[in-house]
Amino acid sequence: GAGVSQTPSNKVTEKGKYVELRCDPISGHTALYWYRQSLGQGPEFLIYFQGTGAADDSGLPNDRFFAVRPEGSVSTLKIQRTERGDSAVYLCASSRTPPGLAASSTDTQYFGPGTRLTVL
Amino acid sequence: KNQVEQSPQSLIILEGKNCTLQCNYTVSPFSNLRWYKQDTGRGPVSLTIMTFSENTKSNGRYTATLDADTKQSSLHITASQLSDSASYICVVSARNYGQNFVFGPGTRLSVLP
């Protein structure tokens, strides 16, 4: 497809369970970002990948959250021992180039539709 | 602390009318500012990108302005359409933190017929 895709679109789980959220970036995009968005709020940065490596994971709230991008394309966000406070929309974005010092259309982030996670 | 504030929180206008959304930021050192449109249930879509030296940028009926001295930006929507109903998010990035895009909370715009 032409855009960023995320699966599943909706995920309902019980407190304490483990979940995986998947992101398929636009082909050829080297940078991949994960964000979390609560109702009525702007996206909150979680982690940024450049290629296969996590260039910045400072936004991950705690060690229950982990993300991988083993082949530099698809990424998986993993949440262990889910809590009700983890309920949110998890957005993935990709850009053709890494964020640079100057504004450029090539580092524009293209967002997926998000995965709505509900922890009961 | 790097922050982005937006006003109003929500806005209701009639189709065909113009409106202006505001963004104030404290992100420093400033690199660039972007406006995104986010439809309900969708990811944000980029509308404009502006650097320090740019005062205005247009994209169809959307015109963004930037005053880097006062650290304010506005997004003006002309001749609004029903499809403009969405959240508009201001995003500012700091020069030293390439991956640190600071998102504002958004303004929820509703265009009524």
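Since we're looking at a predicted model, the values are computed, not measured. Every chain begins its residue count from 1, and numbering advances along the sequence as written. Each chain takes a letter, starting from A, and each ligand takes a number, starting from 1, following the order in which they are written. Where local features are concerned, this predicted model is filtered to residues with pLDDT of at least 70; where side-chain atom pairs are given and counted, the filter is 80 or more; whole-chain, interface and lining totals use all residues. Values shown for side chains rest on all heavy atoms present in the structure; no hydrogens or waters enter the calculation.

J.: Teacher, can you tell me more about the sheet that holds strand E1 (residues 5–7) of chain A here?
T.: Two pairing modes exist for strands in a sheet, parallel and antiparallel, and in both the strands are linked by backbone hydrogen bonds. Residues and elements named next belong to chain A. One open sheet accounts for 4 strands, arranged E1-E3-E8-E7; its pairing is antiparallel. Because the sheet does not close on itself, it has two edges, and the strands there are E1 and strand E7 (65–68). Looking at each pair of strands side by side, their axes are set apart by 15 degrees on average, direction ignored. For two strands to count as paired, DSSP must find a minimum of two bridges between them. Strands are runs of DSSP state E lasting at least 2 residues, helices are runs of H or I lasting at least 4, and numbering of each runs from the N terminus. Direction of pairing for E1 relative to strand E3 (residues 19–24): antiparallel, over a ladder of 3 bridges. Bridging from a neighbouring strand, Gln-6 pairs with Cys-23 of E3. Note on geometry: axes are lines fitted to C-alpha atoms, helical ones only across the stretch in contact, with angles between N-to-C directions running from 0 to 180 degrees.

J.: Is there a simple way to think about the state of the cysteines in this case?
T.: Defined simply, a disulfide is a covalent bond joining two cysteines at their sulfur atoms. Counting rule for disulfides: a pair of cysteine sulfur atoms within 2.5 Å. Taken as a whole and judged by the stated rule, the model has 2 disulfides over all chains. The disulfide partner of Cys-23 of chain A is Cys-92 of chain A, and the gap between their sulfur atoms is 1.9 Å. On the sign convention where negative is left-handed, the bridge of Cys-23 of chain A and Cys-92 of chain A, at about -65 degrees about the S-S bond, is left-handed. Placement of the pair is Cys-23 of chain A in strand E3 and Cys-92 of chain A in strand E9 (residues 88–95), with a sequence separation of 69 residues. One exposure class covers both Cys-23 of chain A and Cys-92 of chain A, and it is buried. What pairs with Cys-23 of chain B in a disulfide is Cys-90 of chain B, and their sulfur atoms sit 2.0 Å apart. Disulfide Cys-23 of chain B-Cys-90 of chain B: torsion about the S-S bond near -65 degrees, hence left-handed. Of the two residues, Cys-23 of chain B is situated in strand E3 (residues 19–25) and Cys-90 of chain B in strand E9 (residues 86–94); the sequence distance between them amounts to 67 residues. Taking the relative accessible area as the measure of exposure, Cys-90 of chain B reaches 0% and is therefore buried. Of the cysteine sulfurs around Cys-19 of chain B, a residue in no disulfide, the closest is that of Cys-90 of chain B, at 15 Å. Among the residues examined, Cys-19 of chain B registers a relative accessible area of 5% and is labelled buried. Whether a residue is buried, partly exposed or exposed follows from its accessible area with a 1.4 Å probe, protein chains only, as a fraction of its type maximum: under 20%, in between, or over 50%, in that order.

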